[in-house]
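Chain by chain, the residues:
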Amino acid sequence: MSNLFEYSDVLNSPIEAFYCKEPECHLPIHAHWHYFVEILYVYQGEITVTCNEHSYLLTPGSLILLPPQVIHKVYSLNDQKDVNYACVKFNINKIQLVGNYLPNLNVLLRQIAQLQNPPLVFDEGTLDHISLSDYFERIIQEVNNRCYGYNSYVYTMLSELMVKILRHWYYTGQLMQTDNIEEQSEYSLQNILVYIDEHSSENINIEKLAHMCNMSYSYFAKLFHKQFGQSCKQYIEFVRLSKAENLLLFTGLDLTEIAGETGFSDCSHLIRCFRKKYNITPKQFRMHHAKTDSYRG
């Protein structure tokens, strides 16, 4: 079973910016997560983006900001062939805002993602009437041409966008105090996410995870919930369900095989957890998202 984690060189921070449209880009995009920020802006058609447990419909002129470390996927309910959207991926730590009253963006995005209804979708009306279509065209052009200083130029543009997003959150009462945790503890928890991803088909002992971080069980559990908005046990089940979704969408494996691949004790356990989470059975999910073409890997 392939992992959900998508490797990114966050230290050297390569900026990625490109258009996603048929036939080069095929929907659905399978569930995955990474350490960089991803922004999608829709030029044409409609796409649905799921971010952790939330689902957003994006129409032309709207964008979604996907925080680091959230599991997300992209699909079109109507199997549209005219979808065209821009995708920009970047390292949020490269954006340094001046002013001690401004929050740490990495911590803030993680906290925003934990809200009951994360405000992650924006349009020109909510971002000081910035021309988003021209904005993303300029970013993609800069990244493609790679002219002298393009990295600095693109990050300057992204800083402008992030400030406009911060203003919107601030004036709608979304900003909150951002207490940082020790850098070593945060690094340990990030490694744990990768470990869970790689070993999700096995029996994962949470006390062992705490020991791997040199933490007591109670402190690890408290810190994990603070960082990711759910218990470690809930997160492990969520990862397994996300992998089950990928197998339902992109393979012809039956439910017994999927249960074995994703760490559920048996087929009944998978069905029970899937229905509890999504109010639909795995079979109904597969039928609902069935495509006329063959399964894609």
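Please read these numbers as outputs of a predicted model, since none were measured by experiment.

Parameters and conventions
- Residues numbered from 1 in each chain as written.
- Predicted model: local features only at pLDDT ≥ 70, side-chain atom pairs only at ≥ 80, totals over all residues.
- Heavy atoms only, no water.
- Buried < 20%, exposed > 50% of the residue type's maximum accessible area, 1.4 Å probe, protein only.
- Helix = DSSP H or I, 4+ residues; strand = E, 2+ residues; numbered from the N terminus.
- Pairing = 2+ DSSP bridges.
- Axes fitted to C-alpha atoms, helices over the stretch in contact; angles between N-to-C directions.
- Core = buried A, V, L, I, M, F, W, Y, C linked by side-chain atoms within 4.5 Å.
- Expected span 1.5 Å × (residues − 1).
- Arc of directions from axis to C-beta.
- Contact = heavy atoms within 4.5 Å.
- Salt bridge = Lys/Arg side-chain N within 4 Å of Asp/Glu carboxyl O.
- Phe/Tyr/Trp six-rings, centres within 6.5 Å; stacked < 30°, edge-to-face > 60°.
- Lys NZ or Arg CZ within 6 Å of the ring centre and 35° of its normal.
- Polar contact = N/O pair within 3.5 Å; in protein donor to acceptor, adjacent residues only side chain to side chain.

**A few points about the pairing of strand E3 (residues 37–44)**
Line of reasoning, step 1. For E3, the buried fraction is high: six of the eight residues fall into the buried class.
Line of reasoning, step 2. Where E3 meets strand E8 (residues 84–90), seven bridges bridge the pair, whose relative direction is antiparallel. Residue Glu-38 lies in a different strand from E8, and its bridge partner there is Lys-89.
Line of reasoning, step 3. Relative to strand E6 (residues 62–66), E3 is paired through four bridges, and the arrangement is antiparallel. Bridging from a neighbouring strand, Ile-39 pairs with Leu-65 of E6.

**Regarding the sheet that holds E3**
Line of reasoning, step 1. Reading across the sheet, the five strands line up as E1-E8-E3-E6-E9 and stay open at both edges, with antiparallel pairing between neighbours. On the outer flanks of this sheet lie strand E1 (16–21) and strand E9 (121–123), each paired with one strand and no other. For this sheet, the mean angle separating the axes of adjacent strands, direction not counted, is 20°.

**Comments concerning the nonpolar core**
Line of reasoning, step 1. Counting residues in each nonpolar core, the largest one holds 53 residues, and the members touching the most others are Ile-47, Tyr-85 and Phe-136.
Line of reasoning, step 2. Looking at this core, the element that brings in the most residues is helix H3 (residues 150–171), giving nine residues.

**Brief notes about helix H2 (residues 132–145)**
Line of reasoning, step 1. Between its first and last C-alpha, H2 extends 20 Å over 14 residues, near the 20 Å set by a 1.5 Å rise per residue.
Line of reasoning, step 2. For H2, the complete set of buried residues consists of Leu-132, Tyr-135, Phe-136, Ile-139, Ile-140 and Val-143. Angularly, the buried residues of H2 cover 125° about the axis, an arc narrow enough to put them on a single face.
Line of reasoning, step 3. Where H2 is buried, its residues contact E1, E3, E6, E8, E9 and H3.

**A closer look at the environment of Gly-263**
Line of reasoning, step 1. Mapping Gly-263 onto the fold places it in the loop between helix H8 (255–262) and helix H9 (267–278).
Line of reasoning, step 2. For the pair Gly-263 and Glu-202, spaced 61 residues apart in sequence, the C-alpha separation works out to 5.6 Å.
Line of reasoning, step 3. Residues contacting Gly-263, with those up to four places away along its chain left out, are Ser-200, Ser-201 and Arg-240.

**Brief notes about the pattern of salt bridges**
Line of reasoning, step 1. Here the structure, examined in full by the defined rule, presents six salt bridges.
Line of reasoning, step 2. The salt bridge partner of Arg-167 is Asp-128, with a shortest N-O separation of 3.4 Å. Of this pair, Arg-167 sits in helix H3 while Asp-128 is found in the loop between E9 and H2, placing the two residues 39 residues apart along the sequence.
Line of reasoning, step 3. Classification of Asp-128 by relative accessible area gives partly exposed; the value is 45%.
Line of reasoning, step 4. With a closest N to O distance of 3.1 Å, Lys-243 and Asp-197 form a salt bridge. Of this pair, Lys-243 sits in helix H7 (residues 232–250) while Asp-197 sits in helix H4 (residues 183–198), and the two are 46 residues apart along the sequence.
Line of reasoning, step 5. Owing to a relative accessible area of 1%, Asp-197 belongs among the buried residues under this scheme.
Line of reasoning, step 6. Three or more residues joined by partner-sharing salt bridges are found here, namely Asp-128, Lys-164 and Arg-167.

**Points about the packing of aromatic side chains**
Line of reasoning, step 1. Taken as a whole and assessed by the stated rule, the structure comprises 16 aromatic pairs.
Line of reasoning, step 2. Considering the side-chain rings of Phe-122 and Trp-169, the 6.0 Å spacing of their centres and the 55° angle between planes classify their relative orientation as tilted. Note that Phe-122 is positioned in strand E9 and Trp-169 in helix H3, a separation of 47 residues in sequence.
Line of reasoning, step 3. Looking at Lys-21, its charged tip hangs above the ring of Tyr-19, at a distance of 5.9 Å from the centre.

**Side note on the sheet that holds strand E5 (residues 54–58)**
Paired through their backbone hydrogen bonds, the strands of a sheet run either parallel or antiparallel.
Line of reasoning, step 1. The four strands are arranged E2-E7-E4-E5 in an open sheet whose pairing can be described as antiparallel. At either end of the open sheet lies a strand with only one pairing partner, and these are strand E2 (29–32) and E5. Across the sheet, the mean angle separating the axes of adjacent strands is 15° when strand polarity is ignored.
Line of reasoning, step 2. In terms of strand pairing, strand E4 (residues 47–51) meets strand E7 (residues 72–75) through four bridges, oriented antiparallel. Counterpart to Cys-51 in the pairing with E7 is His-72.
Line of reasoning, step 3. Each of E2 and E7 is contacted by H7, which is oriented at about 165° to E2, the strand it contacts most.

**Describing the environment of Thr-172**
Line of reasoning, step 1. The residue Thr-172 is located in the loop between H3 and H4 in this model.
Line of reasoning, step 2. Note: C-alpha distance between Thr-172 and Ser-76 (96 residues apart in sequence) is 30 Å.
Line of reasoning, step 3. Only 2.7 Å separates the side chain of Thr-172 from the backbone oxygen of His-168, close enough to count as a polar contact.
Line of reasoning, step 4. Within polar-contact distance, the side chain of Thr-172 engages the backbone oxygen of Trp-169 at 3.2 Å.

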